[in-house]
Amino acid sequence: MIQKKICMVGAPSVGKTSLVARYVHSIFSEKYLSTVGVKIDKKTLQVDGRDITLMVWDLAGDDDFQPLQVSYLRGAAGYLLVADGSRRATLEHAVELHARVTQAVGAIPFMLVLNKSDLGDLWEIEDARIALLMAQGWAMQRTSAKDGTGVDAVFEQLARRTLAPGLGRTRGEPSA
Amino acid sequence: MTEAILNDVLQGLKLAVFQRDPRGRLRLVNRPPEWLAVLWPQAAQSDGALPPATSPFLENFLVDATACWQGPDGHRVGSGLWVESDARGREHHLQATALVSAGRALLLIEEQDLAYRERAALLQTAHEVTLAYEKLQRAEQALVEQKRLLEQRVQERTLELIQTNAALREEITVRRRYAERLQSVREIDKAILAAQSPEAIAEAALRHLHLLLPCEHAGVVALNPDSRSAILLASVDGGQFSAARREELSGDQLEAAQVLKTGEAHRTLGAPNHFAADAKIWPLILDVPLVADDTLVGVLNLATGSPDAFTQEHDEIAQEVAAQLALAFRQAGLFAQISAGRERLRALSLRLVEVQETERRFMAHELHDEIGQLLTGLKLTLELPSHEAANPPGASVSEAIAVVDELMNRVRQLSLDLRPQVLDDLGLMPALDWLFKRYHKQTGIHVHFKHAFVRRRLPSQLETAAFRIVQEALTNIARHAGVQEASVRLWLDEEILGVQIEDAGAGFDGERALDGRASSGVAGMRERALMLGGEFTLEAKPGKGTRLTVELPLDAGTAGASSGGTGGVG
């Protein structure tokens, strides 16, 4: 059995815990509850015929009250960089977190997750900005923890990246 | 005893204390708290140790803890809060601390339910406030953006309105100026059309034109038919009019005028005016041809002290006025021709009537005096033998005498019909008295004659016209009216002789009678009145009688009529 540690990184209230709840427990709650500290869940999935157990570390949203402790990413095989599509500032926050994580643990597989895609009318992130990040080699997935759009896919894609870093690796990630 | 208290305290604090032994295992050194027995039973046993893979979080923290334990006494590091779920799914909120105490490597793990709840509540509130603040910020940004867009739109719209307003004002100004121009040109047209002579036409045009155009000199020049000379009909210089000048312009002057060579409007800069008597140099002269029926009949000559005084609009006004002037000159010419023709026709008609009356007078005189005398002589000759022989004349002679009597009567009547001697000898009133008696005798119609003037003689033409009109009207009554009486009124004032003939008979279509197609003689009566400058009024309708009124000017028979009576200017 392959086991991979992946971390949920992002600003508060972007939907990290909701994504994990949707992915691991297939549930969603409209009520927002701030995550305090760390909560670890695990889920087994099959990627290319292989069983993988993902140890999903749901980290508290980074802010002045609970700054991200990069030590939590020690030994992580990858991370999901989560932003709220209806709040433009959370994407820039994610970009800044990516830099901090990379500096601390090196370039490991990650994916940018633009969550809350169900809030179409309130979407704030311009396509041009996304295109700019993708031009830098970032992989991106739009998701909605509320309706499940893209949730399984983004975990599966990250798992695949952690298994074969050389394939479909985000530019700048280590090859081993 | 002390250890027991300490254990109670640690248990109350839900704290598990592990000490790393020389083999690196983490052994519990106090009495296990409740949560430890539930979560990790193996570690809670009396000789239990914390297995390395018990918790991924702890496993990760032990890396930091191991580093910490390498440090000096008192060195410590915290793990931060994390969540562990027991076999029943209950969550335990834990926090670990690694420290070095008296050379011992210790690991403290504490369940922080209360602290967790407080911290969670604090963070929840903080995040909700932050989210609300972000929402407010976004709303404010949206409002600011909307305000900016609104202000931008207001600015754009204001600019559009200013531009539209300016365009409208310009349009209004242009239209108003055009309307004023039209009004002025129309006034010029009216003034020109009201004028009767070329001089008056020219003056009327200039009086308006010099107010419309910035010219210091304006003149209207009429070309003589030979095109080699011209007449300055009227001019205005600095607001001073010189009307009806009829100033002759020499051929030498005119030869240099370009407008006469080309027949087109021409601007001359810094030159003397060819259509003025003086030699003054004008900065700008505008000559506009007056063309009627493709013939150059004159020039509208404008001069100004500024070389750029005339705009295109001024040119257009000058062209329009020139066109009207040319048309007016042509109309004045045609009207003069018509008036002259009408005057000739009237004189001819008068002469014809005079000749007719003269002939009638002559014939009447011949019949009465000559033929009548001869017939009287013939009758006396026929009667003479019977007087001398005291014998009655034979039947044939008696018949001859009767024929002569009849002939004498016929000649007398014919003479009277042609022209009653009394009209020439005694005048209109006696002639009418005689006419009415004879008319009554011949037709049985009684004429009520009313008059209110002194029995004085009037000019012969006037008396003849009045007599003939009354005579013709009474003849019509006898022929068509079917009445036994008629009335005639005659009046005289300082200026006119009035005649009115009226009956209450069958009447007729007056308009048809006047157009000359009927042989009632009404048209002839009207012509006779109009020839003398009089007025003729006929009121007649079928079944409603007839009233004919004629007013003849008293000077008609002396100085001659000045008008045909149908309007217009002679």
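Positions within a chain are numbered from 1, following the residues in the order the chain's sequence is written. Just so you know, chain letters begin at A and ligand numbers begin at 1, following the order they were written in. In view of the model being predicted, local features appear only for residues whose pLDDT reaches at least 70, and side-chain atom pairs are presented and counted only at 80 or more, with totals across whole chains, interfaces and linings using the full set of residues.

Draft legend 1. Broad picture of the overall build of chain A. Per the secondary structure count, chain A includes 4 helices and 6 strands. Helix and strand assignments come from DSSP, with helices taken as H or I runs of at least 4 residues and strands as E runs of at least 2, each series counted from the N terminus. Put simply, chain A runs from its N terminus to its C terminus through helices and strands in the order β-α-β-β-β-α-β-α-β-α. Exposure is read from a count of other C-beta atoms within 10 Å of each residue's own; the residue is exposed at 12 or fewer, buried at 20 or more and partly exposed in between. C-beta atoms are placed from the backbone. By residue count, 45% of the 176 residues in chain A fall in the buried class. Counting only contacts in chain A whose residues sit at least 6 apart along the sequence, the fraction spanning at least 24 positions is 73%. It is the C-beta atoms, placed from the backbone, that decide contacts: two residues are in contact if theirs lie within 7 Å.

Draft legend 2. Expanded view of helix H12 (residues 428-443) of chain B. Residue and element names in this part refer to chain B. Compared with the 22 Å implied by 1.5 Å per residue over 16 residues, the 21 Å span of H12 between its first and last C-alpha is a close match. Those residues of H12 hidden inside the fold are in contact with helix H11 (421-425), strand S12 (446-452) and helix H13 (460-481). Positive backbone phi, approximately 80°, marks Gly444, located one or two places after H12. Every helix has an expected span of 1.5 Å times one less than the residues it contains.

Draft legend 3. Expanded view of the environment of Gln421 of chain B. All names here are of chain B. With respect to the helices and strands, the residue Gln421 is situated in helix H11. Between the C-alpha atom of Gln421 and that of His365, which follows or precedes it by 56 residues, the distance is 8.1 Å. Leaving out residues up to four positions away in the same chain, Gln421 has contacts with Ala364 and His368.

Draft legend 4. A look at the packing of helix H5 (residues 113-194) of chain B against helix H6 (residues 198-212) of chain B. Residues and elements named next belong to chain B. Two elements in contact, H5 and H6, have axes separated by 8 Å at closest approach and are oriented at 165°. Between H5 and H6, the angle is such that the two are roughly antiparallel. You can see that H5 and H6 cross each other, and the crossing is right-handed. Contact with H5, carried on its side by Ser184, Glu187, Ile188, Ala191 and Ile192, involves Ile201, Ala204, Ala205, His208, Leu209 and Leu212 of H6 and no other residues of that element. Charged residues are taken to be Asp, Glu, Lys and Arg, nonpolar residues to be Ala, Val, Leu, Ile, Met, Phe, Trp, Tyr, Cys and Pro, and polar residues to be all remaining types, Gly included. Of the residues belonging to the contact of H5 with H6, the class tally is 8 nonpolar, 2 polar and 1 charged. Here, axes are lines fitted to C-alpha atoms. For helices the fit covers the stretch in contact, and angles between N-to-C directions go from 0 to 180 degrees. If an angle is under 35 degrees, it is roughly parallel; if it is over 145, roughly antiparallel; if it lies from 65 to 115, roughly perpendicular; otherwise it is oblique. Crossing handedness is read from the near helix: turned anticlockwise from the far helix by less than a right angle, it gives a left-handed crossing, and turned clockwise, a right-handed one.

Draft legend 5. Main features of the interface of chain A and chain B. Facing 18 residues of chain A, the contacting portion of chain B comprises 19 residues. Of the residues that constitute the side of chain A that touches chain B, the class distribution is 8 nonpolar, 7 polar and 3 charged.

Draft legend 6. How the structure looks around the pairing of strand S7 (residues 230-237) of chain B. All names here are of chain B. Most of S7 is tucked away, with 6 of its 8 residues classed as buried. At least two DSSP bridges between two strands are needed for those strands to be called paired. The sheet contact formed by strand S6 (residues 217-223) and S7 spans 7 bridges and is antiparallel. When the sheet's bridge partners are listed, Ala222 is paired in S7 with Ile231.

Draft legend 7. Up close: the packing of H13 of chain B against helix H15 (residues 522-531) of chain B. All names here are of chain B. Interhelical geometry of H13 versus H15 gives an angle of 165° and a closest axis separation of 10 Å. Classified by the interaxial angle, the pair formed by H13 and H15 is roughly antiparallel. Where H13 crosses over H15, the two elements pack in a sense that is left-handed. Only Gly524, Met525, Arg528 and Ala529 of H15 make contact with H13, whose side of the interface consists of Ala465, Arg468, Ile469, Glu472 and Ala473. By residue class, the composition of the contact of H13 with H15 is 5 nonpolar, 1 polar and 3 charged.

Draft legend 8. Broad picture of the sheet that holds strand S15 (residues 535-540) of chain B. Residue and element names in this part refer to chain B. As summarised here, the arrangement of the 5 strands in space is S12-S13-S14-S16-S15, forming an open sheet in which the pairing is mixed. The sheet terminates laterally at S12 and S15, the two strands that pair on one side only. Geometrically, the sheet is characterised by an average inter-axis angle of 10° between neighbouring strands, direction not taken into account. Those strands touched by H13 are S12, strand S13 (485-492), strand S14 (496-503) and strand S16 (546-553), and its axis lies near 5° from that of S14.

Draft legend 9. Examining the nonpolar core more closely. Grouped together as the largest cluster of nonpolar side chains are 74 residues, with contacts concentrated most on Cys7, Met8, Val9, Tyr79, Leu80, Leu81 and Val82 of chain A. The dominant element in this core, judged by the number of residues it contributes, is helix H4 (residues 56-69) of chain B, at 6 residues. For Cys7 of chain A, the residues in contact, after removing those within four places along its chain, are Trp57, Leu59, Tyr72, Leu73, Ala76 and Tyr79 of chain A. Note on definitions: a nonpolar core is a set of buried residues drawn from Ala, Val, Leu, Ile, Met, Phe, Trp, Tyr and Cys, linked by C-beta atoms within 7 Å.

Draft legend 10. A look at the environment of Val550 of chain B. Residue and element names in this part refer to chain B. In this structure, Val550 sits in strand S16. Judged by local crowding, Val550 falls into the buried class, with 26 C-beta atoms found within 10 Å. With residues near it in sequence (within four places) discarded, Val550 still touches Ile469, Val499, Ala529, Gly534 and Phe536.

Draft legend 11. Main features of the sheet that holds strand S6 (residues 140-142) of chain A. Here we have 11 strands laid out as an open sheet, ordered S6(A)-S5(A)-S4(A)-S1(A)-S3(A)-S2(A)-S3(B)-S4(B)-S5(B)-S1(B)-S2(B), and mixed in their pairing. Bordering the open sheet on either side are S6 of chain A together with strand S2 (26-28) of chain B, each of which pairs with just one other strand. Taking the axes of each pair of neighbouring strands and ignoring which way they run, one obtains an average angle of 30° across the sheet. Where strand S1 (residues 2-10) of chain A lies against strand S4 (residues 78-84) of chain A, 5 bridges are found, and the strand directions are parallel.

Draft legend 12. Expanded view of the confidence of the model for chain A. Along the chain, pLDDT gives the predictor's confidence residue by residue, from 0 to 100. When pLDDT is averaged along chain A, the result is 91; 93% of the residues meet or exceed 70. In this model residues 167-176 of chain A is a low-confidence stretch, pLDDT under 50, and it forms 24 contacts with partners more than four residues away in sequence or in other chains.

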